[in-house]
Amino acid sequence: MAAPAVAVDNLNPKVLKCEYAVRGEVVMHAQRLQQQLQTQPGSLPFDEILYCNIGNPQSLGQQPITFFREVLALCDHPCLLEREETKSLFSADAISRATNILASIPGRATGAYSHSQGIKGLRDAIAAGITARDGFPANADDIFLTDGASPGVHMMMQLLIRNEKDGIFCPIPQYPLYSASIALHGGALVPYYLDESTGWGLEVSDLKKQLEDARSKGIDVRALVVINPGNPTGQVLAEENQRDIVKFCKNEGLVLLADEVYQENIYVDNKKFNSFKKIARSMGYNEEDLTLVSFQSVSKGYYGECGKRGGYMEITGFSAPVREQIYKVASVNLCSNITGQILASLVMNAPKVGDASYASYKAEKDGILQSLARRAKALEDAFNNLEGITCNKAEGAMYLFPQIRLPRKAIEAAKAAKKAPDAFYALRLLETTGIVVVPGSGFGQVPGTWHIRCTILPQEEKIPAIISHFKAFHESFMAKYRD
Ligand SMILES: Cc1ncc(COP(=O)(O)O)c(CN[C@@H]2CONC2=O)c1O
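Treat the numbers as computed from the prediction; the structure is a model and nothing was measured.

Engineer: Honestly, the nonpolar core in this entry has me stumped. Any pointers?
Structural biologist: Soluble globular proteins tend to pack their nonpolar side chains together in the buried interior. Core analysis: the largest hydrophobic core is formed by 150 residues, its most contacted members being Phe68, Phe169, Tyr178, Leu224 and Leu256. In contact with Leu224, not counting residues within four places along its chain, are Phe169, Tyr192, Leu207, Ile245, Phe248, Cys249, Leu254, Val255, Leu256 and Leu257.

Shown next, in the form of structure tokens:
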């Protein structure tokens, strides 16, 4: 038989270079074990796989927000609005919101392609939501609705990266969408290290050093990525840190790519979310001072609607000809899905005091966020009580990123198994307990340190069992490899 026309060695090398650990080797091994549990029950030392690798709340039992789903259902089947019984099944404000949304869609047709930036009426609602959040005006024409934040990130990498000499400043540890997208677009990742000893803060002096180092190697650094609240690190940046970053990007002529998908996930009282748009404007920096792209998603927060694929990027500070190029790239994909667009407008314009659904909406939202905060604290305390593990507080987002000081013998065993030490640890954890975490090497870390990323998402009643199984595994692992 002739050699297959397509083989790994004749694929685009940028694809081969790309990695995405959130669904990498540990998760693929977990899926094989899950298969084994189905075909051979009782053949493993646990009876279920606990996926703590991915920020996918509804896959672990979190319930969607009633008001949001009522509006989506009515928008997807508009004839319901003509039925008398609908008034007894849906809240009055969901009925009026769906009616208004449909009126903003040409022909009330949610099955039609929309404008390539998204339905204007929905972008108006999102701009109003951003304005109300920040206290500074937002413009519907600056908003591009996307199928989740991911496609928006890819679009900006596609726009900015011309060749391997174009660099993108990324935090280390980072969410590997960024390293994967930079690899896919053939650019250079320029790292800036978050400081674990100061709760994952960043020093602008380090940014400056890294920038000069990159430039000395002929790298043209185009943009700086900041993830706030952080994934996998969970920190919420202090306002002063944010001001330093804005000033740095302005002075160095860098596009600021602000990933703010966890803006509703804040668990500590001494921090609050400030968008980079608000920080920049409050410093008196406007469109001519700073080029800023802000990303939002319906996948996180208290709504966790990952599968609906909704989100947006707000682009400011680009010239008109550049905006035309961004629009052109967006138009190649025609438009993002309408359900995600509607959901993005609901997330940015949720029920307000006085609305018929406000009380039930608020109760659902607070219930979810307070439970996430409790789970974060329980897991953080558990990790910090284990030998050789330290774990910074999850101030926000959905993850804990504990550092594990592995004994030399464990590192040698990992080497013999041709695995990174933290991947070796994560695989042994999986095979012993069924718990799936992502090795820190998938996010980047200071060389010589080892971490795992664990979500705070398993339902609250499962957390004590996860903690006890993790503890038992860790103690046996450390006993086995203790120097
Ligand atoms: C910081 C950050 N940005 C963007 C995204 C992309 O989200 P959407 O495309 O769904 O809007 C994620 C998803 N979080 C991944 C997915 O689950 N676990 C993670 O670490 C993320 O954590």
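Engineer: Looking at this model, I keep getting lost on the UniProt feature "domain: Aminotransferase class I/classII large" (unreviewed entry) in the protein chain. Mind explaining?
Structural biologist: The residues that UniProt annotates with the feature "domain: Aminotransferase class I/classII large" (unreviewed entry) are residues 108–461. When the span residues 108–461 is considered, its composition is 40% helix and 16% strand, and the gap between its end C-alpha atoms is 43 Å.

Engineer: Even after reading the chapter, I still don't get the site of the ligand, so can you show me in this structure?
Structural biologist: The full set close to the ligand counts 17 residues, and Ser150, Asp259, Ser297, Ser299 and Arg453 are the nearest of them. Asp259 places a polar side-chain atom, nitrogen or oxygen, 2.6 Å from a nitrogen atom of the ligand. In isolation the ligand offers 500 Å² of accessible surface; the protein chains occlude 95% of this area. Looking at the shell around the ligand, its residues break down into seven nonpolar, six polar and four charged.

Engineer: Teacher, can you tell me more about the packing of aromatic side chains here?
Structural biologist: The geometry of an aromatic ring pair is captured by the separation of the ring centres together with the interplanar angle, meaning the angle of the planes. Evaluation of the coordinates by the stated rule reveals 20 aromatic pairs. Summarising the aromatic geometry, the rings of Phe68 and Tyr302 are spaced 6.4 Å apart at their centres and angled 35° between planes, so their arrangement reads as tilted. With a gap of 234 residues between them, Phe68 in helix 3 (residues 66–76) and Tyr302 in the loop between strand 7 (292–297) and strand 8 (311–316) connect regions that are remote in the sequence. Taken together, Phe383, Phe424, Tyr425, Phe470, Phe473, Phe477 and Tyr481 form an aromatic cluster joined through their ring pairs.

Engineer: So what exactly am I meant to see when it comes to the pattern of salt bridges here?
Structural biologist: Side chains carrying opposite charge are able to pair once their charged atoms draw close together. Evaluated as defined, the whole model comprises 30 salt bridges. The salt bridge partner of Arg428 is Glu431, with a shortest N-O separation of 2.5 Å. With Arg428 and Glu431 both in helix 16 (residues 421–433), this residue pair falls three residues apart, about one helical turn. Taken together, the shared-partner salt bridges connect Arg162, Asp166, Asp220 and Arg222 into one network.

Engineer: I'm lost on the sheet that holds strand 14 (residues 452–455) in this one. Help?
Structural biologist: In a beta sheet, neighbouring strands are held together by backbone hydrogen bonds and run either parallel or antiparallel to one another. In space, the three strands of this open sheet follow the order 10-14-13, with antiparallel pairing throughout. At either end of the open sheet lies a strand with only one pairing partner, and these are strand 10 (399–400) and strand 13 (438–439). Relative to strand 14, strand 10 runs antiparallel, the two sharing two bridges. Bridge pairing in strand 14 places Tyr399 opposite Thr455.

Engineer: I keep staring at unusual backbone geometry and nothing clicks. Help me out?
Structural biologist: Peptide bonds are, in most cases, trans, and in most cases residues other than glycine have a negative phi. A cis geometry characterises the amide bond from Ile172 onward to Pro173, with omega recorded as 5°. Assignment of secondary structure puts Pro173 in the loop between strand 3 (166–172) and helix 8 (177–184). At the junction of Asn231 and Pro232, the peptide bond is cis and its omega measures out at 10° in the coordinates. Mapped onto the fold, Pro232 is located in the loop between strand 5 (220–227) and helix 10 (239–252). Positive phi, close to 55°, is recorded for Arg108, a residue that is not glycine. Within the secondary structure, Arg108 sits in the loop between helix 5 (92–103) and helix 6 (120–134). Even without being glycine, Leu334 reaches a positive phi, approximately 65°. Within the secondary structure, Leu334 sits in the loop between helix 12 (320–332) and helix 13 (338–347).

Scoring rules and cut-offs
- Residues numbered from 1 in each chain as written.
- Predicted model: local features only at pLDDT ≥ 70, side-chain atom pairs only at ≥ 80, totals over all residues.
- Heavy atoms only, no water.
- Core = buried A, V, L, I, M, F, W, Y, C linked by side-chain atoms within 4.5 Å.
- Buried < 20%, exposed > 50% of the residue type's maximum accessible area, 1.4 Å probe, protein only.
- Contact = heavy atoms within 4.5 Å.
- UniProt positions renumbered as here; feature names shortened; annotations may be inferred.
- Helix = DSSP H or I, 4+ residues; strand = E, 2+ residues; numbered from the N terminus.
- Near = heavy atom within 4 Å.
- Polar contact = N/O pair within 3.5 Å; in protein donor to acceptor, adjacent residues only side chain to side chain.
- Areas by Shrake-Rupley, 256 points an atom, 1.4 Å probe, with all protein chains shown as cover.
- Nonpolar A, V, L, I, M, F, W, Y, C, P; charged D, E, K, R; others polar.
- Phe/Tyr/Trp six-rings, centres within 6.5 Å; stacked < 30°, edge-to-face > 60°.
- Salt bridge = Lys/Arg side-chain N within 4 Å of Asp/Glu carboxyl O.
- Pairing = 2+ DSSP bridges.

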